[in-house]
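This is what each chain is made of:
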Amino acid sequence: QVQLVETGGGLVRAGDSLRLSCVVSGRDISRRIMAWFRQTPGKEREFVACVGNNDAATYYSDSVQGRFIIARDNPKNTVYLQMNALKPEDTAVYYCALSTNYWWAYSNVPAQTDFDSWGQGTQVTVSS
């Protein structure tokens, strides 16, 4: 069974930083896209960031561009999300996701349906 476990969430103040971690077991992540999504109550899950075959192959949503950094450590089968200059609107449950296919199968920004493995989520709350 593939499992993704997110950690690192918490309650912080606006302007603070957090580093989320996602440890994957049961599947090698080195050939797959890793991504972070987030969701608030009553809203659709939204894309945050993804990383392809290396840390240079990244894509971010406009809302987090310049503030968040996604990185991967393949030997540890782990992906990180460094979140800086946090804003109250960043408050959400953050989910880690692993792509169904190998990274080279994707030519566009992946959608939720491109991921078949998800973590349980970690809560990030940013107060003003």
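I will try to describe carefully the structure that is included in this document. The model shown is predicted, which means the values in this text are computed figures rather than measured ones. (Residues numbered from 1 in each chain as written. Predicted model: local features only at pLDDT ≥ 70, side-chain atom pairs only at ≥ 80, totals over all residues. Heavy atoms only, no water.)

Let's shift gears to the sheet that holds strand β7 (residues 68-73). Taken together, 4 strands build an open sheet; the order of strands is β1-β3-β8-β7 and the sheet is antiparallel. In this open sheet, the two edge strands, each paired with only one partner strand, are β1 (3-7) and β7. When the angles between neighbouring strand axes are averaged without regard to direction, this sheet yields 15 degrees. Where strand β3 (residues 18-25) lies against strand β8 (residues 78-83), 6 bridges are found, and the strand directions are antiparallel. What sits directly across from Arg19, in β8, is Gln82. (Pairing = 2+ DSSP bridges. Helix = DSSP H or I, 4+ residues; strand = E, 2+ residues; numbered from the N terminus. Axes fitted to C-alpha atoms, helices over the stretch in contact; angles between N-to-C directions.)

Among the structural elements, Tyr60 can be located in strand β6 (residues 58-60). In this structure the C-alpha to C-alpha distance between Tyr60 and Phe47, which are 13 residues apart in sequence, comes to 8.1 Å. Once residues within four sequence positions are removed from consideration, Tyr60 is found in contact with Phe47, Val48, Ala49, Gln65, Phe68, Ile69 and Ile70. Within the structure, the side chain of Tyr60 is placed 2.9 Å from the backbone nitrogen of Ile70, a separation counted as a polar contact. (Contact = heavy atoms within 4.5 Å. Polar contact = N/O pair within 3.5 Å; in protein donor to acceptor, adjacent residues only side chain to side chain.)

Attention now moves to the side chain of Ser117. Assignment of secondary structure puts Ser117 in strand β10 (residues 115-118). In this structure Ser117 comes out as buried when scored by relative accessible area, which is 7%. In this structure the side chain of Ser117 is engaged in a polar contact, spanning 3.3 Å, whose partner is the side chain of Asp116. The contacts of Ser117, once residues within four sequence positions are left out, are Val2, Leu4, Arg27, Cys96, Ala97 and Leu98. (Buried < 20%, exposed > 50% of the residue type's maximum accessible area, 1.4 Å probe, protein only.)

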